[in-house]
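# Examining the three-dimensional arrangement
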Amino acid sequence: MRLEPGQVAVVTGAAGGIGLAMARRFAAEGLKVVLADVEEGALRKAADELAADGAQVRAELVDVSDRDSVVALADAAYETFGAVHVLCNNAGVGSGAEGRMWEHEPNDWKWAFSVNVWGVFHGIQAFVPRMIAAGGPGHIVNTSSGDGGIAPLPTASVYAVTKAAVVTMTESLYAHLKAEGAAVGASVLFPGPHMLRTGLWESHRNRPERYAKERPRKAPYRTLDQYEAAMRQAGHEVRFTPVEEVAEHVVDGIRADRFWMLPASEHSDRQIRARSQSMLDRSNPGYLESFILD
Ligand SMILES: NC(=O)c1ccc[n+]([C@@H]2O[C@H](COP(=O)([O-])OP(=O)(O)OC[C@H]3O[C@@H](n4cnc5c(N)ncnc54)[C@H](O)[C@@H]3O)[C@@H](O)[C@H]2O)c1
């Protein structure tokens, strides 16, 4: 779709990281932005920053895992700005699960699913009927990950399962929008191609009491800095993609109506080929056995 000044973008998980970068980029294109996040202090700060730069902003404290909260977000967006053209279902968390799958806490799964999967579904339900009724143009961007969206990192398997679900949900959404003849596009975003320096490694800061851990962790949460240091010490190269590059990719992808917002990467292509080939050959997923599981 054509992005034009005066249009409206809603971004969940917009208080920091990739979501804030997307909101900033939309604002730079002259769009009005609705920032939605569960982290109040960071949300206010982000909204103030954007407003100080001249953007028209509305900030909404939203828990995407709660259907009513997302419906209230849509109501607020339409009341304030009268339309929504771009919806980014971007809020996401790492699950904090440890060990083998059979050792995980059910609450790790419930929390990650409530945000990463139900959060996207709630966004679709709350916004898409109104976006279709408006006759478009519109576009929905759902944030997945190479982890799960392409193939699972078995060390982060809960997260991977949720992000695989986001791909399948968005493929189905795409087909449904086409079947409806809607002037609303859909894309699935794979932020990257490298790691991103965001708050994802500290997702537990937003973990609600209802999905609290039931037993103490065996190992403390590892920060991104600690992970980076350990990787470098082990002789691995660690590269980061700036969040602004992801936002650029999203804006380009919306303009081009590109479903797969998947940045060029030999690593991703190798994974896609290995997985597809294993399915075509009916061979076992050997490409997963190379992962070192701790
Ligand atoms: N950082 C990476 O390397 C990476 C890679 C691939 C995909 N992603 C995905 O990108 C998206 C953005 O993550 P990020 O890396 O910017 O991390 P981040 O932690 O900086 O941003 C996520 C935002 O979501 C918010 N959030 C968490 N739970 C919420 C809830 N219940 N309701 C509303 N908001 C909530 C957080 O407060 C935060 O502002 C996520 O979906 C993540 O899974 C990140």
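For the structure, check the block above.
Keep in mind that this is a model prediction, so the values were computed, not measured.

## Some words on unusual backbone geometry
Cis geometry marks the peptide bond from Gly136 to Pro137; its omega dihedral reads 0°. Relative to the helices and strands, Pro137 is located in the loop between α5 (118–133) and β5 (138–143). Residue Pro193 is bonded to the preceding Gly192 through a cis peptide linkage, with omega at 15°. Examined against the element boundaries, Pro193 turns out to sit in the loop between β6 (184–189) and α8 (224–233). Located in the positive-phi region is Asp257, a residue other than glycine, with phi close to 50°. Considering the arrangement of structural elements, one finds Asp257 in the loop between α9 (243–256) and β7 (260–261). Backbone geometry at Arg282 places phi at a positive 55°, although glycine is not the residue there.

## Points about the side chain of His249
Looking at where His249 falls in the secondary structure, it is placed in helix α9. Here Leu262 takes part through its backbone nitrogen, which lies 3.4 Å from a polar atom of the side chain of His249. When residues no more than four places from it in sequence are discounted, the contact partners of His249 are Leu189, Arg258, Met261, Leu262 and Pro263.

## Notes on the site of the ligand
The immediate surroundings of the ligand are formed by 28 residues, with Ile18, Asp37, Asn90, Tyr159 and Thr198 found nearest. One nitrogen or oxygen atom from the side chain of Asp37 is found 2.6 Å from an oxygen atom belonging to the ligand. Between Val64 and the ligand, the recorded distance is 3.0 Å, taken from a backbone N or O atom to a nitrogen atom. Against a free-state accessible area of 830 Å², the protein chains account for coverage of 95% of the ligand. Breaking the shell around the ligand down by element, the ones donating at least two residues are α1 (17–28) and α7 (157–179).

## Brief notes about the packing of helix α4 (residues 106–116) against α5
Taken N-terminus to C-terminus, the directions of α4 and α5 make an angle of 25°; their axes are 3 Å apart at the nearest point. Overall, the two elements α4 and α5 adopt an arrangement that is roughly parallel. In contact with Phe113, Ser114, Val115 and Asn116 of α4, α5 contributes Trp118, Gly119 and Val120. Class assignment for the residues of the contact of α4 with α5 results in four nonpolar, three polar and no charged.

## Regarding α8
Residues separated by three or four positions in an α-helix point in the same direction, a consequence of the helix having 3.6 residues per turn. Of the positions making up α8, those classed as buried are Leu224, Tyr227 and Glu228. Mapping the buried residues of α8 onto a view down its axis gives an arc of 100°, with all of them on the same face. Seen from the buried face of α8, the exposed residues on the opposite side, beyond 90 degrees, are Asp225 and Gln233. Residue Gly235 follows α8 closely and has a positive phi angle near 85°.

## Focus: the sheet that holds strand β3 (residues 57–61)
Spatial strand order, β3-β2-β1-β4-β5-β6-β7: seven strands in an open sheet with parallel pairing. Each edge of the open sheet carries a strand with a single partner, namely β3 and β7. With four bridges joining them, strand β4 (residues 86–89) and β5 adopt parallel strand pairing. The residue of β5 that forms the bridge with Val86 is His139. α1 rests against β1 (8–12), β2 (32–37), β4, β5 and β6 of the sheet, and its axis sits at about 170° to β1.

## Description of the packing of α4 against α7
Two elements in contact, α4 and α7, have axes whose closest approach is 9 Å; the angle formed by their N-to-C orientations is 30°. In terms of orientation, α4 and α7 fall into the roughly parallel class. Here α4 and α7 pass one another in a crossing that is right-handed. Counted together, Asp108, Trp109, Ala112, Phe113 and Asn116 of α4 and Val158, Tyr159, Val161, Thr162, Lys163 and Val166 of α7 form the full contact between these two elements. Among the residues making up the contact of α4 with α7, the classes are represented as seven nonpolar, two polar and two charged.

## Considering the nonpolar core
Within the largest apolar cluster, 40 residues are counted, with the highest numbers of intra-cluster contacts made by Val10, Phe127, Met131, Ile140 and Leu177. Taken together, the elements giving at least two residues each to this core come down to β1, β2, α3 (67–81), α4, α5, α7 and β6. Leaving out residues up to four positions away in the same chain, Ile140 has contacts with Leu87, Asn89, Val128, Met131, Leu173, Leu177, Val184, Gly185, Ala186 and Ser187. Core analysis: the next-biggest nonpolar cluster, separate from the first, contains 34 residues, Ala15, Ala21, Ala55 and Leu196 among them.

## Observations concerning the packing of aromatic side chains
The full count for this structure, using the stated rule, is six aromatic pairs. Their ring planes at 80° and their centres at 5.8 Å tell us that Trp118 and Phe121 sit as a pair that is edge-to-face. Of the two residues, Trp118 and Phe121 are both situated in helix α5; the distance of three residues between them amounts to about one turn of the helix. Assessed through its relative accessible area of 47%, Trp118 is described here as partly exposed. Here Phe121 falls in the partly exposed class, since its relative accessible area comes to 31%.

Reading the values: rules and limits
Residues numbered from 1 in each chain as written. Predicted model: local features only at pLDDT ≥ 70, side-chain atom pairs only at ≥ 80, totals over all residues. Heavy atoms only, no water. Helix = DSSP H or I, 4+ residues; strand = E, 2+ residues; numbered from the N terminus. Polar contact = N/O pair within 3.5 Å; in protein donor to acceptor, adjacent residues only side chain to side chain. Contact = heavy atoms within 4.5 Å. Near = heavy atom within 4 Å. Areas by Shrake-Rupley, 256 points an atom, 1.4 Å probe, with all protein chains shown as cover. Axes fitted to C-alpha atoms, helices over the stretch in contact; angles between N-to-C directions. Parallel < 35°, antiparallel > 145°, perpendicular 65-115°, else oblique. Nonpolar A, V, L, I, M, F, W, Y, C, P; charged D, E, K, R; others polar. Buried < 20%, exposed > 50% of the residue type's maximum accessible area, 1.4 Å probe, protein only. Arc of directions from axis to C-beta. Pairing = 2+ DSSP bridges. Left-handed = near helix turned anticlockwise from the far one by under 90°. Core = buried A, V, L, I, M, F, W, Y, C linked by side-chain atoms within 4.5 Å. Phe/Tyr/Trp six-rings, centres within 6.5 Å; stacked < 30°, edge-to-face > 60°.

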